[in-house]
Amino acid sequence: MEVQVAHNLETAHSLLIAGEWAQGRSTTFTVSNKFDNRPLAQISTPTADQIRETVQAAAQAFHDSRKLSPHQRGLILDRTADVLEARAERLQRIICAEAGFTLSDAAGEVQRSIQTFRLAAEEARRFTGTLIPVGGAPGQGGRMCWTMRIPLGVVAAITPFNAPLNTVSHKVAPALAAGNAVILKPSPHTPLVACELADALMEAGTPKGLVSVLHGGVEVVHGLLDEQDVKFYAFTGSTEAGRAIQQRAGLRRTQMELGSIAFGIVCDDADLDFALPKILNAAYRKAGQVCTSIQLLLVHEDRFQEVEQRLTKNVKALVSGDPLDPATVVGPVISPASAQRIADWIDQAIHAGATCLAGGTRQGNVVAPTLLKDVSPETPLGCQEVFGPVMSLIPFSSLDEAIAQVNATPYGLATGIFTNRLDDAFRFISELQVGGVHINETSSSRVDMMPYGGSKASGFGREGPYYAMREMSEERVATLITNTNRETQS
């Protein structure tokens, strides 16, 4: 693979079209190191003709690959996991550079991606429908009925920067496991690790054209939406972008994992020694750039002072800075513009009456892990997704109040609650309008085999290999009456 990194800024042959690495003939953009903004590589983007060529090649590869057995698909995905494992150190370094992840966050990203491919390999081997007992209906004796899962064809996977390998894996691996071809359009912030994944798939024996890579921004997404041979769009990103894609997709299927304002809830009976380390990690890992990062922590008023004191001490102790320093817990955010926006939102909250308990500063792309209280719901930090290392403490007095506050936002991805009362736990589970409710865990406690997705403006459809494969396929019903069973029908 001819992707150039570090000091060499020659334009990368960064497009994968019909199984061959090629140079885009449209424009180029620079990928930078997120800590010091040094350029890492030049990436080329495709023309409309190259997008069309990619889709046509993927459609042909889909047709040609239908002879692959479930065993063969599983074998390719398992081999890909092996290649990723062999390249783990290289992948981690790339992720640290182009995404700004700390060493520990990058290592977790790689290991979870390996697990996602192994899960998809398992599911590929047992991807099947169900037997329908139609003989139980009047006049249907001797008739057989079953369902089958049929792949859709070409899947477009449009992915974000904040999980540049595992979110890609959660779209690419299930698409291939279900029998589709897939065209990956990764974030322009993090294209290099996406190329590495595609290269690993090719090394593992993926047939040419079955996986493709196109780089660029909204113009490439529009190009893919214009191609009617693309049958499914899997998107992770903002609600605004997801809405635009859905409108242009028309009757074609989509899966949308969109924006969020993630809550945590600490009840009056919570075990703080157990809860607070989890909350700290969920708020500040990946510099808070996770859809399920805790942004608003609701704390019962009886425990508020203790939680405030302990979290203030803990947040102040977090080391931020160079992601390659093993001591660093919070690295840079994705861009100078994001860092400036986050800093501005913190300042706006403080000017509106919030108290900064820890952090609140910015140096370059690094925003210090920040803890606030008394944040007005009228300020951006109180009503919009911050996507940065900022958590705000909010007291509550009753379950009704906590549930109402979570449900009042337009979003509904996940919520974590710390309580030891089963009645309260089941009430949260039944009444919170979110895709995932985690008791004695945080909103950011996803395991890759789980169904993962949101409600309301946080999207629809589910990730997780088992579930995503069903999103990326359609159910077909088949019935059969044999000669020997026709008498039973009369």
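Preceding this paragraph is the structure being described.
What comes next concerns the included structure.

The rules we used
Residues numbered from 1 in each chain as written. Predicted model: local features only at pLDDT ≥ 70, side-chain atom pairs only at ≥ 80, totals over all residues. Heavy atoms only, no water. Pairing = 2+ DSSP bridges. Helix = DSSP H or I, 4+ residues; strand = E, 2+ residues; numbered from the N terminus. Axes fitted to C-alpha atoms, helices over the stretch in contact; angles between N-to-C directions. Phe/Tyr/Trp six-rings, centres within 6.5 Å; stacked < 30°, edge-to-face > 60°. Buried < 20%, exposed > 50% of the residue type's maximum accessible area, 1.4 Å probe, protein only. Lys NZ or Arg CZ within 6 Å of the ring centre and 35° of its normal. Salt bridge = Lys/Arg side-chain N within 4 Å of Asp/Glu carboxyl O.

### With respect to the sheet that holds strand 14 (residues 355-358)
Alright, step 1. Pairing within the open sheet is mixed, and its seven strands lie in the order 14-17-18-13-12-19-20. Each edge of the sheet is formed by a strand with only one pairing partner; in this case those strands are strand 14 and strand 20 (436-439). Strand-to-strand twist across the sheet, computed as the mean angle between neighbouring axes with direction ignored, equals 25°.

### A word on the packing of aromatic side chains
For any two aromatic rings, the description comes down to two numbers: the centre-to-centre distance and the angle of the planes.
Alright, step 1. Evaluated as defined, the whole model comprises three aromatic pairs.
Alright, step 2. Arranged with centres 5.9 Å apart and planes meeting at 85°, the rings of Phe-161 and Phe-387 form a pair that is edge-to-face. Highlighted residues: Phe-161 in the loop between strand 7 (154-158) and helix 5 (166-177) and Phe-387 in the loop between helix 12 (380-383) and strand 18 (390-396), separated in sequence by 226 residues. Each member of the pair, Phe-161 as well as Phe-387, is classed as buried.
Alright, step 3. Taking NZ or CZ as reference, Arg-341 lies 4.7 Å from the ring centre of Trp-345, over its face.
Alright, step 4. Lying over the aromatic face of Tyr-466, Arg-470 brings its terminal NZ or CZ to 3.7 Å of the ring centre.

### Looking at the pattern of salt bridges
Alright, step 1. Using the criterion set out here, one finds 31 salt bridges in the structure.
Alright, step 2. Here Glu-122 and Arg-126 are joined by a salt bridge, their closest N and O atoms 3.8 Å apart.
Alright, step 3. Since its relative accessible area comes to 39%, Glu-122 is described here as partly exposed.
Alright, step 4. Taking relative accessible area as the criterion, Arg-126 reaches 48% and is therefore assigned partly exposed.
Alright, step 5. Residues Arg-310 and Glu-306 are paired through a salt bridge, measuring 3.4 Å at the closest nitrogen-oxygen approach. Taken as a pair, Arg-310 and Glu-306 lie in helix 10 (residues 304-317) at a separation of four residues, close to a single helical turn.
Alright, step 6. Relative accessible area serves as the criterion here: at 29%, Arg-310 is assigned to the partly exposed category.
Alright, step 7. Put simply, Asp-78, Asp-82, Glu-85, Arg-118 and Arg-125 are held in one network by salt bridges that share partners.

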